[in-house]
Amino acid sequence: MKQNQPPQWIIHFFTWICKEELLDAVLGDLLELYERRVKHVGQHRANWLFLWNVLCFLQPFAMKKLEGQTHLNNYGMFKNHIKTSFRSIRKNAWFSGINIVGLAISMSVGLLMIIFLSELYSFDQFHEHKDHLYRVTTKVEGSRGFKVGTSSYYIGQQLQEGVAGVEKVLVLRNDLTADLKIDEHAIAVKGYYATASFFEVFSFELLKGNPASALSNPGSIVLTQSTANKLFGEENPLGKTMTVEGNQDFQTGIITGVIADPPVNSHIDFDVLAAMKTVENSPVPRRRGFKNDPEDCWSSYVYLVLSERADFANIEAAMEGFMETFNARWDDTNFTHSLQPLSTFVTDPSYRNLPGPTFAQSKIYIMAGLTLVVLLSACFNYTNLSFARALRRFKEIGVRKVNGAGRFQIFSQFITEAVIMSLIALIIGFLLFILIKPRFLELGNPTTSSHPMFSLDITGPALLYFIAFALIIGVAAGLLPALLLSKLKANALFGEVSRVKVFTGMSLRKVLSVFQFTLAIGLIMFAVVVHKQYQYVMDYDLGFETENIIQMEVDEQYLDLLTNEFDKLPEVMETSRSSGLIGLTGRGGFAIALDRSDTITFMLNNIDGNYLPMHGLEIIAGSGFTTSLKEGQGLNYVVVDEQFLKALNLGSPEESIGRQVWHQRDEDVKMRIIGVVKDFVKVPLNQMNSEPMVFMQKARSKYYRSKKWFLNVKIQGVEVLATINKLADIYEKIDPLHPFQAKFYDDQLAQNYSQYRATYEITSFLALLAISISSFGLLGMAVFNTESRMKEISIRKVLGAGIGNLSTLLSKGFIGLMLFSGLVAIPLTYYLVITYVLNEFAYRTNIGPVEIMSGLIMVLLIGLLTIGWHIRLAIIQNPADILRKE
């Protein structure tokens, strides 16, 4: 039995169409070539090459001749259809051009969506266990509950030790950062600590080393191919001992493997992996305690491979049982774990602490829905204009029917014409796709960070998808005209046109026009409101200063030196340090009141004494931090905000000064409140639930050398670029290993809302497409309407009608349709905006009459300009010439 075979449908197709005297010899050669290609390029690529060879061979000399009268008739009929279609397209160049351009514009968006969805759903599909791979997530239930994509080593260990259906368990810790050094060459890397089962659960390709033992021993390191090349060049790194700096868990490591770089469509990315036993044997006692701590669920990812018959409910119930003792410690907080399937790793952003980029499923639905309505609009445009144009083709259809053409032949004639126009539109649409592709890739997605989530590369399968897509669009666009026009009786076609039923009342055409105008009005209004909300959040008073503040993440060992050198620059006004960035990030934890009965979650920011005054945070009671701390020193004082006092019922700001709270993370440590700041915006404005804020003064650690701090630098607002260059020069002299990555605070805040900026740009783009397509349709209808009424227009002009009267007569129908569309679009769009966009924001802009009427006004203006131009051309013609022709 042969192991490798090309797809059977290609063989059947080739057998069906190839001449019998050539079939055996050619097919045999192709199969031999296929076998050789499978060995060199793999079966997937060999399949495509086999299909390409088959298509290339299908030339007239190799194809079977059509036999039988029926086949000949069918062949002749379609050949005639193709000729007739091209003649019709050429003869009606104006209408055909409008249809082709409309289809091309909408198809460019369709092509974009095809590649976008194919790349999105290719994430992690290379793993062997993709259908049975799950991640354990954590939900913290309480007054301010939230979900994280991480869980604890403890829960992974419990599952490994005996839960039915769990076949393999992998635990990753995301806190591996280090500077790897060989001789005098060093590079900074990031990665994961991983248990020995990494290569059993994931299917990343191990290029060198033994997958069973590569991550088994403390200090074992697996490098990615690119990291190995940076350190060792072409030299084999296996067995080499490296110096590890900037990491508290180990100082030397042994290279035990080289792994291929993670592909772009992987939800995790890393430079290096280290054995989990490295952390288990860490010289830092606090680091070793994570294995048996159920609460250590903020840095570890637990992946499971389940059996086909695994009972999810049973596994989740088992995890609930493992947490019973731990959860019994809390009155109103509960930790629960759930299973998340691999298929949702990048499409479910509802979890915090995710290891890679996400793109929400809801956004996919919205984008796919908008693309669909734009495509439908173009198809309706085609249908509308086809009905209008059919007036001129009644005699053609009638002659065909008199000569014996059946309904199917007329039907296939119109379908063939629509498909040919769709294929022409595909070529133009493809060129438009090339133009819009770079702009789409630039659109912001906060979850992707620096991850190149999409490339939108055009592949062989994508080209086949494009052709199939064009065929579907062609059939969809031509289906309705083909169905309605093919059923008309021959005697009716030679009679009075107005008596033909399909045009009575024009109700269908009006419905299609209303759909197009409704879509355009709705998209314009949607874009205007989203843009206003974006500007509103950008201009919102956050309650603290951000102007001319530059922030950079700095390794702790260089923090003091960099601060001292920056302070020497005359362009630097002041500096401060913090563990988090207000308005952007926060550190979670727990506080307990004095009686330990009331627990809340809060955001923690370790700062120095300069932080509060530098950011202009208003102290309404007590004081800030005034004491300078030495290395490793931390005082048990905190500054809190007003929300913190309300959450713990600590009374007024003045009454809370001197009160004590417990810091649960450092258990049994009492923290005394020395100051209260006025409430400010702590998280992005699109996050509804903001937690209380606690500022704690803490100097850099005495032992922890790899921790990162944010160094905040306030500079003068002149010669900004020169100042940044000076900061970069100082940074690179002190820390040449880590790149200088400084960002303005304002820019980082804007990044929070980049998704809304992207939504505005996408919606505006789609609105532009929709209004362009509807304008083309409107223009086509105006042309048809005026040309079919030229006799009436001429008689009215002879009888004394003016341009104003005639313009009103010809345009009032279109204006009525646009006004009716506004009545449909405005309330519907208002509901969608309120429900799905503004509902995410705790602070919203007001929607006024200007925003509500923006879409309708825009469509009315463009519509009147479009039809007015052509009506004017028709009216100024000499009525005598028109009547003479009639």
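About the cut-offs
Residues numbered from 1 in each chain as written. Predicted model: local features only at pLDDT ≥ 70, side-chain atom pairs only at ≥ 80, totals over all residues. Heavy atoms only, no water. Helix = DSSP H or I, 4+ residues; strand = E, 2+ residues; numbered from the N terminus. Buried < 20%, exposed > 50% of the residue type's maximum accessible area, 1.4 Å probe, protein only. Contact = heavy atoms within 4.5 Å. Areas by Shrake-Rupley, 256 points an atom, 1.4 Å probe, with all protein chains shown as cover. Core = buried A, V, L, I, M, F, W, Y, C linked by side-chain atoms within 4.5 Å. Pairing = 2+ DSSP bridges. Axes fitted to C-alpha atoms, helices over the stretch in contact; angles between N-to-C directions. Parallel < 35°, antiparallel > 145°, perpendicular 65-115°, else oblique. Left-handed = near helix turned anticlockwise from the far one by under 90°. Nonpolar A, V, L, I, M, F, W, Y, C, P; charged D, E, K, R; others polar. Salt bridge = Lys/Arg side-chain N within 4 Å of Asp/Glu carboxyl O. Patch = residues over 30% accessible without salt bridge, like charges linked within 9 Å, V, L, I, M, F, W, Y side chains within 5 Å. Lys, Arg positive; Asp, Glu negative; His and termini not counted. Charge placed at Lys NZ, Arg CZ, Asp CG, Glu CD. Arc of directions from axis to C-beta.

Draft legend 1. Quick peek at the overall build of the chain. Secondary structure summary: the chain contains 29 helices and 22 strands in total. Expressed as a percentage of its 886 residues, the buried residues of the chain come to 50%. Restricting the contact set of the chain to residue pairs at least 6 apart, pairs at least 24 apart contribute 81%. Surface exposure of the chain reaches about 42,200 Å², of which carbon and sulfur atoms provide 56%.

Draft legend 2. Here's a closer look at the nonpolar core. Within the largest apolar cluster, 73 residues are counted, with the highest numbers of intra-cluster contacts made by M107, F116, L120, F359, F440, L766 and V859. Among the elements that line this core, the one with the most residues is helix 5 (residues 93-120), at twelve residues. In terms of nonpolar packing, the next biggest core, distinct from the first, is built from 47 residues, V169, I221, A228 and F232 among them.

Draft legend 3. View of the pairing of strand 6 (residues 220-224). Within strand 6, five of the five residues are buried, which leaves the element mostly enclosed by the surrounding structure. Where burial is concerned, the two faces of strand 6 agree: the one with S220, V222 and T224 and the one with I221 and L223 are both buried. Pairing between strand 6 and strand 8 (residues 252-259): five bridges, direction parallel. When the bridges of strand 8 are listed, V222 appears paired with G257. Across three bridges, the pairing between strand 6 and strand 9 (residues 272-275) is antiparallel. Bridged to I221 within strand 9 is A274.

Draft legend 4. Layout of the packing of helix 5 against helix 15 (residues 407-442). Where helix 5 meets helix 15, the axes come as close as 6 Å, and the angle between the chain directions of the two elements is 50 degrees. When the axis of helix 5 is compared with that of helix 15, the two are oblique. Our pair here, helix 5 against helix 15, has a crossing hand that is right-handed. Of the residues in helix 15, those touching helix 5 at S96, N99, I100, L103, A104, I105, M107, S108, L111, L112, I115 and F116 are M421, S422, I424, A425, L426, I428, G429, F430, L432, F433, I436 and F440. The residue makeup of the contact of helix 5 with helix 15, split by class, is 19 nonpolar, five polar and no charged.

Draft legend 5. Region of interest: the pattern of salt bridges. Applying the stated criterion to the full structure yields eleven salt bridges. Two residues, R173 and D296, come together in a salt bridge whose shortest N-O distance is 3.4 Å. Of the two residues, R173 sits in strand 3 (residues 166-182) while D296 sits in the loop between helix 10 (285-288) and strand 10 (300-306), which places them 123 residues apart along the sequence. Ionic pairing is found between D560 and R577, a salt bridge with its closest N-O pair at 3.1 Å. Of this pair, D560 sits in helix 19 (residues 559-567) while R577 sits in strand 13 (residues 572-578); the two residues are 17 residues apart in sequence, bridging distant segments of the chain. Since its relative accessible area comes to 30%, D560 is described here as partly exposed. The class of R577 is buried, set by a relative accessible area of 12%. Taken together, the shared-partner salt bridges in this structure form one network comprising R173, D175 and D296.

Draft legend 6. View of the packing of helix 1 (residues 8-17) against helix 3 (residues 43-57). It is the contact of helix 1 with helix 3, at a shortest axis distance of 11 Å, that shows an interaxial angle of 10 degrees. Between helix 1 and helix 3, the crossing angle belongs to the class labelled roughly parallel. Across the interface between the two elements, W9, I10, I11, F13 and F14 from helix 1 touch N47, F50, L51, V54 and F57 from helix 3. Within the contact of helix 1 with helix 3, the residues separate by chemical class into nine nonpolar, one polar and no charged.

Draft legend 7. Expanded view of a positive patch on the surface. A contiguous patch of positive charge on the surface is contributed by K79, K83, R87 and R90. Within the secondary structure, K79 sits in helix 4 (residues 69-91).

Draft legend 8. Up close: the side chain of T227. Mapped onto the secondary structure, T227 falls in helix 8 (residues 225-232). Setting aside residues up to four positions removed in sequence, T227 forms contacts with I187, V189 and D271.

Draft legend 9. Just unusual backbone geometry, in detail. At N353, a residue that is not glycine, the phi angle is positive and equals roughly 55 degrees. When you line up the elements, N353 lands in the loop between strand 11 (334-341) and helix 13 (361-390). At N548, a residue that is not glycine, the phi angle is positive and equals roughly 60 degrees. Its location among the elements puts N548 in the loop between helix 18 (507-539) and strand 12 (549-555). Of the residues examined, N548 reaches a relative accessible area of 23% and is grouped as partly exposed.

Draft legend 10. Structural detail: the pairing of strand 12. Taken across its seven residues, strand 12 has six buried, putting it largely inside the fold. As paired elements, strand 12 and strand 21 (residues 708-715) share seven bridges and run antiparallel to each other. The residue bridging I549 from the neighbouring strand is K714, located in strand 21. Inspection of the sheet shows strand 12 paired to strand 22 (residues 742-744) by three bridges, in the antiparallel sense. Note on strand 22: the bridge partner recorded for Q551 is K743.

Draft legend 11. Examining helix 26 (residues 790-798) more closely. Taken as a whole, helix 26 has its buried residues at M790, I793 and S794. End-on view of helix 26: buried residues confined to an arc of 100 degrees, all on one side of the axis. With its phi angle positive at about 110 degrees, G800 sits one or two positions after the end of helix 26.

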